[in-house]
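One-letter residues, chain by chain:
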Amino acid sequence: MLTLLNIGNTHAQPAIWHDGYLELLPRIPTSELTWERLPQEYPVAAASVVPKASARLAGHGIYFLSAYDCGGLIDFSRVDPTTLGADRVANAIAAAEFYPLPALVVDCGTAITIEIVDERRRFLGGAIAPGRRLMRRALFEGTAQLPEIPFSQELPEEPGRNTVEAIRFGVDRGAVGLVRELVAASLRSCGIVSCLAAGGDAGFFAAALPELKAVESDFTLHGIRLAWERRRDRQA
Ligand SMILES: Nc1ncnc2c1ncn2[C@@H]1O[C@H](COP(=O)(O)OP(=O)(O)OP(=O)(O)O)[C@@H](O)[C@H]1O
Ligand SMILES: CC(C)(CO)[C@@H](O)C(=O)NCCC(=O)O
Ligand SMILES: [K+]
C-alpha cells in the first residue's frame, strides 16, 4: 500500500494505491495541504510543483519524484531536466507505460502543459501555457473593466455580443485554438500515435478537439506510483 500525492499549484490530489487498484481521495487546496491531512499508515510518493507545499511536508520521509531518479523510465538526455516539473515527469512515465509511443500528453490544469515521449522513451520537449482559469484571472487582474467570468464546459460558437461573451469566446475558444496549434505543431515534429488529454480540464479540450483522447483522472498518479516502484525495486 502506498499514498500517492500530486501537488499542483491550485489543488493537491491524494490517492491510495491498494497494490492493484487506485483509490482517489478528496482534493485538498494546495495552500491548506499539511501532513495531518494525509493518510498516515503508508509510505508517501509525491509529485510537487509547489516548493512551499513540499517544504511543509518535510521530515516525513516522503519520496518526491524528479527527473533525476526517473532516468531508467524516461530518457531525459534531449532536454534540460533541471527545472522540469515533477507532474510533467509523471505524465511522461504514465504515457510510456499505458499508451503506444510516440505519445503526447496535454495536461490541462492551472497551466496547460505538453509532454512528448518518442518510441525510445525519450522526452522530446513540450509546452507551457496558462490554463483557462489563469487566462480569466489575468484579464480581470490586468484591467480596470473586465470581470472574472464563470466557467462553462461548452465551446462558444459565435463572437461575443457583450463583455462576458467576448471574454468567453476569446478565452475558451482561444484556449482550444492554442491547444490545437500546439498539438498540430508537435504532430509535425514526430509521428505521434497517442494524443492524450489529462488534468481537470481535459474533458473540455477533448470534447472540442477530435485528435485528443481524455485519459482517466488517475493518469498522473500512476506515473508517480511507477516511479516509486522502480526506485523501490532498485534499492531491493
Ligand atoms: N468549473 C470549473 N471550476 C474551476 N476550474 C475549472 C472549471 N472548469 C474548468 N476549469 C479549468 O480546469 C482547471 C482544473 O484543472 P485541475 O483540476 O487539473 O487542476 P487545478 O487545480 O487547476 O491545477 P493544478 O493541478 O495545477 O493544481 C482549472 O485550472 C480551470 O482552468
Ligand atoms: C508547468 C507547471 C506549473 C504545470 O503544473 C509545472 O510543471 C512546473 O512548475 N514546471 C516547471 C517548469 C517546467 O516544467 O519546465
Ligand atoms: K496539474
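Per an unreviewed UniProt entry, the protein chain goes by Type III pantothenate kinase and derives from Victivallis vadensis. Among the UniProt annotations of the protein chain, the heading Catalytic activity (unreviewed entry) holds the following wording: "(R)-pantothenate + ATP = (R)-4'-phosphopantothenate + ADP + H(+)". According to UniProt, the comment filed for the protein chain under the heading Function (unreviewed entry) is "Catalyzes the phosphorylation of pantothenate (Pan), the first step in CoA biosynthesis."

**Student:** So what exactly am I meant to see when it comes to the UniProt feature "binding site: substrate" (unreviewed entry) in the protein chain here?
**Tutor:** UniProt's entry tags Gly85, Ala86, Asp87, Arg88 and Thr163 with the feature "binding site: substrate" (unreviewed entry), counted in the numbering of this structure. In terms of the greatest pairwise C-alpha distance, the residues named above, spread along 79 residues, do not form a single cluster, extending to 37.6 Å across. Its location among the elements puts Ala86 in helix H2 (residues 86-98). Ala86 gets classed as buried once you look at its relative accessible area, which sits at 6%. Setting aside residues up to four positions removed in sequence, Ala86 forms contacts with Ala47, Ser48, Val49 and Leu65. You can see Thr163 is positioned in helix H4 (residues 163-189). Not counting residues up to four positions away in its chain, the partners in contact with Thr163 are Leu146 and Pro147.

**Student:** Would you take a moment to explain the UniProt feature "active site" (unreviewed entry) in the protein chain for this structure?
**Tutor:** Mapped onto the present numbering, the UniProt feature "active site" (unreviewed entry) falls at Asp87. Inspection of the secondary structure puts Asp87 in helix H2. Judged by its relative accessible area of 18%, Asp87 falls in the buried class. Those residues in contact with Asp87 that lie beyond four places of it in its chain are Asn6, Ala47, Val49 and Thr220.

Thresholds applied
- Residues numbered from 1 in each chain as written.
- Chains lettered and ligands numbered in written order.
- Predicted model: local features only at pLDDT ≥ 70, side-chain atom pairs only at ≥ 80, totals over all residues.
- Heavy atoms only, no water.
- UniProt positions renumbered as here; feature names shortened; annotations may be inferred.
- Helix = DSSP H or I, 4+ residues; strand = E, 2+ residues; numbered from the N terminus.
- Buried < 20%, exposed > 50% of the residue type's maximum accessible area, 1.4 Å probe, protein only.
- Contact = heavy atoms within 4.5 Å.

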